[in-house]
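Remarks on the overall topology
Listed below are the residues making up each chain.
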Protein chains: 2
Amino acid sequence: MRRTRLDTARIRAARRVIDPVFLDTPLYRCDALEPGLGCAVSIKLETANPIRSFKGRGTELVTSRLADAGARAAVCASAGNLGQALAWSARGRGLDVTVVAPRSAPAAKLDRIRALGAGLELVDGDFDAARERAAAVARHHGIRLVEDSLDLETCEGAATIGLELVSAAPAFDAVLIALGGGAMATGVGHVLKASAPGVEVICVQPLGAPAMTRSWHSRRVVTTDSTDTIADGVASRRPIRAVLDDLLVVADDAVLVREESIRTGMRMLLDHAGLVVEPSAALGIAAILEDRDRFADRHVATIVCGGNVDMPSYHRWTGTAPTTTGR
Amino acid sequence: MRRTRLDTARIRAARRVIDPVFLDTPLYRCDALEPGLGCAVSIKLETANPIRSFKGRGTELVTSRLADAGARAAVCASAGNLGQALAWSARGRGLDVTVVAPRSAPAAKLDRIRALGAGLELVDGDFDAARERAAAVARHHGIRLVEDSLDLETCEGAATIGLELVSAAPAFDAVLIALGGGAMATGVGHVLKASAPGVEVICVQPLGAPAMTRSWHSRRVVTTDSTDTIADGVASRRPIRAVLDDLLVVADDAVLVREESIRTGMRMLLDHAGLVVEPSAALGIAAILEDRDRFADRHVATIVCGGNVDMPSYHRWTGTAPTTTGR
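Parameters and conventions
- Residues numbered from 1 in each chain as written.
- Chains lettered and ligands numbered in written order.
- Predicted model: local features only at pLDDT ≥ 70, side-chain atom pairs only at ≥ 80, totals over all residues.
- Heavy atoms only, no water.
- UniProt positions renumbered as here; feature names shortened; annotations may be inferred.
- Pairing = 2+ DSSP bridges.
- Helix = DSSP H or I, 4+ residues; strand = E, 2+ residues; numbered from the N terminus.
- Axes fitted to C-alpha atoms, helices over the stretch in contact; angles between N-to-C directions.
- Contact = heavy atoms within 4.5 Å.
- Least-squares fit on C-alpha atoms with pLDDT ≥ 70 in both.
- Domains from an automatic or database assignment.
- Buried area = accessible area lost by both parts, 1.4 Å probe.
- Salt bridge = Lys/Arg side-chain N within 4 Å of Asp/Glu carboxyl O.
- Polar contact = N/O pair within 3.5 Å; in protein donor to acceptor, adjacent residues only side chain to side chain.

By the naming in an unreviewed UniProt entry, chain A is Threonine dehydratase, taken from Embleya hyalina. As its UniProt record puts it under Cofactor (unreviewed entry), chain A is described as follows: "pyridoxal 5'-phosphate".

Here the focus is the sheet that holds strand 3 (residues 73-77) of chain B. All names here are of chain B. Taking strand neighbours across the sheet as the criterion, the four strands line up as 5-4-3-6 in an open arrangement whose pairing is parallel. Across the chains shown, the open sheet's two edge strands, defined by having one partner strand only, are strand 5 (119-123) and strand 6 (144-146). Each neighbouring strand pair of the sheet contributes to a mean axis angle of 25°, computed without reference to strand direction. Two elements, strand 3 and strand 6, share three bridges in a ladder whose sense is parallel. Residue pairing across strands places alanine 74 opposite arginine 144, the latter belonging to strand 6. Where helix 5 (residues 107-115) meets the sheet, it contacts strand 4 (96-102) and strand 5, and its direction lies at approximately 150° from that of strand 5.

Copy one and copy two of the chain differ by a rotation about an axis and a translation along that axis. Overlaying chain A with chain B gives an RMSD of 0.0 Å, the required rotation being 180° about an axis along which the chain moves by 0.0 Å. Accordingly, the operation relating the two chain copies is best matched by a two-fold axis. Here 95% of the interface residues in chain A have copies in chain B that are interface residues too; the copies meet face to matching face.

The next point concerns the domain arrangement of chain A. Residues and elements named next belong to chain A. The domains assigned to chain A are domain 1 (8-53 + 152-318) and domain 2 (56-146). Here the C-alpha centre of domain 2 lies 22 Å away from the C-alpha centre of domain 1. The partner domain 2 presents 26 residues to the 34 residues of domain 1 that form the contact. For the domain 1 face of the interface with domain 2, the top three residues by lost area are Ile51, Glu153 and Arg238, together amounting to 26%. Here lysine 109 ties to glutamate 278 by a salt bridge, and the two come within 2.8 Å at their closest N and O atoms. Run the count over domain 1 and domain 2 and you get 18 residue pairs in polar contact (both at pLDDT 80 or more). Sort the elements by how many residues they give to the side of domain 1 that touches domain 2 and helix 7 (residues 152-166) lands first, with eight residues.

The structure is reproduced here in structure tokens:
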């Protein structure tokens, strides 16, 4: 395999730094989903932890290295999950964290960032607007800017999911990975291509936020002017060149899916797997729904990468509208 | 501690027999629940596996020993979760399984039992009626009757949850355990009392199915004529003497909770932890809701023991009625 920015030995070493609460997450065949999908499906579940997403794997590395270096503060832009994760990891290490997020981010994510003790700055505009503001905050205060996907720790943390996938038996025929900035896809993809090159690595992005997928297909950075998707966790417009270069090495394909398929995937995960997931976490199921022939009778693993969702939106998207409040 | 039927060395050995998909389940502090409950809460999550309950831990032991002994078939009575687990464990070991279940059991559970290849016999009446019928089937065919809670493997399997709880740091002040037949309470309770005797072991049962709790308080078997609860997984009327004897050794308390508290607990687990649970799995949260002073500022672990629930009932109980179908 051609080289990427990642290194499997470093990824293995990362496991010793990450709080075990984020590691060795459930991985199981989900028979009940299969009649509806026409293939064998295994779930890699990243939502059963204190922050309900995989991002803690990366922020544990970031904050551990920051604390070792004597840093006192950091700032990141986030659609919500990285911010929660960074706040969680920083809390135990005495680091001050500022999260810059779009005002339109799910309230559930913003509330948790505040509850975890981080400073929260809201910006008008989208994730890429938040990235600009976070960079300005970092420059102004002379503190570390944590950049999802660009910073190797975020990719290496996500890559530990890959170690857990390749140690599973039997091997999968394909792994479906949500694609946003690319940390998870390049991290997991690197490990799969290095250790189990026969497994097809398929990245999945919403049609409404296709920048990285288009970039992968054109082999050059393609940006978009806007995004239009419920999958807030992967809605970015401006791919990072170094991440694209890695993705070109490790991904076998990158596909786009419709919003309707994402919603149907969320509903299937609720009805047949009992899982409440955010839209980004249903991208893999959406990809199967849109191309059943491709996956027929194969064994596919999909990473259910996050479960932070505003319940009113969730009920609306999945067609399960609330009738009363619970308390 | 006084002796029970269980033995910690045997429970440790059981871990080597149980499929890893059921072991080392997520255990995490769930901050988001805490403002509503007034105490620190950790979740031990038993729903992220192929059968969505903890029962696979026990049926792995049962079927492994049956297969080693050359048996070809077994029968059990089940409210639904044991039957699914037995069917799953038997499938890989070439055992024929018959499950006798109440006709009123959740369709989601019955459908999964069938899908896993077990024979399913439905009876009018409740779980205790199914027990009688299963015993008759076993006698007629000369095959093993698997009896939840009475059979040591079912308690030893559940007890492996206890090993995972005591190896966690920091220790909990109390562990809340759903109480039905008593396999989970005696199993987990045994390990806690043997290895971490300072942890309070509190069993929780619905007011509408109080037989074992009343038996524990009276120190003798008390039966009831009927049950009336949404928590189908723990709705039994006739406690087993040997199980009660063990429960008297290992439980510090047994409490009863109202249906309304169970429903509120289910809704809180959905809204603040993103977890879809069956009613039995919300008993621990219900116990906290009904006695906040008792738990105030303590660190409580609750075992989320199952997630098999009919979605229409679920939406009704949690006040999230479906408005459309998903696909």
